Amino acid sequence: MDDGLVVWITGLSGAGKSTVGHMVWESLRQRGVPAIYLDGDVMREMLGAVHAHSQEERRALAHTYGRMCHALAAQGMTVVCSTISMFHAVRDWNRANNRRYLEIYLRVPVEELVRRDPKGLYARNDGRMIGLDAPFEAPLTPDLVIDNGGDVTAEESSGRILALIQASASS
């Protein structure tokens with residue numbers, strides 16, 4: 001079977017990864033593309049790792065997400081994964097192990113994320129916030145960077161990602 005595609009959407013908490021990722025997945029499904037959506041928060045809960053916040057635990061989880069995406073893509077699926085994935089090593093592994101891999105970075109200034117704070121995570125900061133208390137290794141070579149300081153809608157972001165997917169299919 002042909003390799004599928006991994007669409008890896010990364011960024012800090014509150015950047016819009018889940019909203020945009022779900023929109024991309026829904027658009028793909030409406031077009032008849034065999035697609036699955038994986039959300040980092042949901043996978044963390046499914047794997048029983050809700051309290052896994054050390055650097056080692058976060059790295060292990062991110063590698064698990066990458067391996068899950070790889071296994072699904074190997075079966076011909078288009079996998080849209082929204083996750084912080086704060087480590088270069090994880091994204092490097094993804095790129096090296098997936099023939100078709102697109103990395104999207106939703107870049108939002110931390111100050112804007114603290115202001116938005118849709119889940120109240122920054123307000124109740126428990127000393128484990130990525131980007132504040134724990135380092136975030138921003139992607140070095142993403143296929144697409146979407147700067148979203150508040151002037152880009154989720155629809156525009158998902159449209160840019162869908163255009164990238166389309167362009168990658170024809171190359």
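Quick summary incoming for the structure in this document. (Residues numbered from 1 in each chain as written. Predicted model: local features only at pLDDT ≥ 70, side-chain atom pairs only at ≥ 80, totals over all residues. Heavy atoms only, no water.)

**A few points about the pattern of salt bridges**
Part 1: Under the defined criterion, the tally for this structure stands at four salt bridges.
Part 2: Measuring nitrogen to oxygen at the nearest pair gives 2.5 Å for the salt bridge that ties D147 to R107. Placement of the pair is D147 in strand β5 (residues 144-147) and R107 in strand β4 (residues 101-107), with a sequence separation of 40 residues.
Part 3: By relative accessible area, which is 41% here, D147 ends up partly exposed.
Part 4: What makes R107 partly exposed here is its relative accessible area of 37%.
Part 5: The salt bridge partner of R115 is E112, with a shortest N-O separation of 2.6 Å. Here the residue R115 and the residue E112 both occupy positions in helix α5 (residues 110-116), the gap between them amounting to three residues, near one helical turn.
Part 6: Via salt bridges that share partners, R95, E103 and D143 belong to a single interconnected network. (Salt bridge = Lys/Arg side-chain N within 4 Å of Asp/Glu carboxyl O. Helix = DSSP H or I, 4+ residues; strand = E, 2+ residues; numbered from the N terminus. Buried < 20%, exposed > 50% of the residue type's maximum accessible area, 1.4 Å probe, protein only.)

**Concerning the packing of helix α3 (residues 55-73) against helix α4 (residues 88-97)**
For any two helices packed against each other, the geometry comes down to the angle between their axes and how far apart the axes lie.
Part 1: Direction vectors running N to C along α3 and α4 enclose 15 degrees, while the axes themselves pass 9 Å from each other. Classified by the angle between their axes, α3 and α4 sit roughly parallel to one another. You can see that α3 and α4 cross each other, and the crossing is right-handed. The segment α3 lies against α4, with R59, A62, H63, G66, R67 and H70 engaging A89, V90, W93, N94 and N97.
Part 2: Split by residue class, the contact of α3 with α4 holds four nonpolar, five polar and two charged. (Axes fitted to C-alpha atoms, helices over the stretch in contact; angles between N-to-C directions. Parallel < 35°, antiparallel > 145°, perpendicular 65-115°, else oblique. Left-handed = near helix turned anticlockwise from the far one by under 90°. Contact = heavy atoms within 4.5 Å. Nonpolar A, V, L, I, M, F, W, Y, C, P; charged D, E, K, R; others polar.)

**Focus: the nonpolar core**
Grouped burial of nonpolar side chains is what soluble globular proteins tend to show.
Part 1: Ranked by size, the top nonpolar core spans 40 residues in total, and within it V7, W8, V24, V80, I104, I161 and I165 carry the most contacts.
Part 2: Secondary structure elements with two or more residues in this core: β1 (5-10), α1 (17-30), β2 (35-39), α3, β3 (78-82), β4, β5 and α6 (154-169). (Core = buried A, V, L, I, M, F, W, Y, C linked by side-chain atoms within 4.5 Å.)

**Section: the sheet that holds β1**
Part 1: The strand order across the open sheet formed by five strands is β2-β3-β1-β4-β5, and the pairing between neighbours is parallel. Both edges of this open sheet fall to β2 and β5, since each of them pairs with a single strand only. On average, each strand axis in the sheet is tilted by 15 degrees relative to the strand beside it, whichever way the strands run.
Part 2: Sheet strands in contact with α3 are β1, β2 and β3, and its direction is about 150 degrees off that of β1.
Part 3: Here α4 sits on the sheet and contacts β1 and β4; the angle it forms with β4, its principal contact strand, is near 150 degrees. (Pairing = 2+ DSSP bridges.)

**Some thoughts on the pairing of β2**
Part 1: With four of its five residues buried, β2 lies for the most part within the structure.
Part 2: Bridging between β2 and β3 involves five bridges; their strand directions are parallel. Bridge pairing in β3 links D39 to S82.

**Brief notes about the packing of aromatic side chains**
Part 1: One pass over the structure, following the stated rule, counts one aromatic pair.
Part 2: Between W25 and Y37, the ring centres sit 6.4 Å apart and the planes meet at 35 degrees, which makes this aromatic pair tilted. Taken together, the positions of W25 in helix α1 and Y37 in strand β2 put the pair twelve residues apart, joining distant regions of the chain. The residues W25 and Y37 share a single accessibility class, namely buried.
Part 3: Positioned over the ring face of F87 is R59, at 4.1 Å from the centre of the ring. (Phe/Tyr/Trp six-rings, centres within 6.5 Å; stacked < 30°, edge-to-face > 60°. Lys NZ or Arg CZ within 6 Å of the ring centre and 35° of its normal.)

**A closer look at the pairing of β1**
Part 1: Burial of β1 is extensive: six of the six residues sit out of reach of the surface.
Part 2: Burial of β1 is two-sided: the residues L5, V7 and I9 facing one way and the residues V6, W8 and T10 facing the other way are all buried.
Part 3: Of the pairings in the sheet, the one linking β1 to β3 comprises five bridges and is parallel in character. Within β3, the position partnered with W8 by the bridge is C81.
Part 4: Bridging between β1 and β4 involves five bridges; their strand directions are parallel. By the bridge assignment for β4, V7 is matched with L102.

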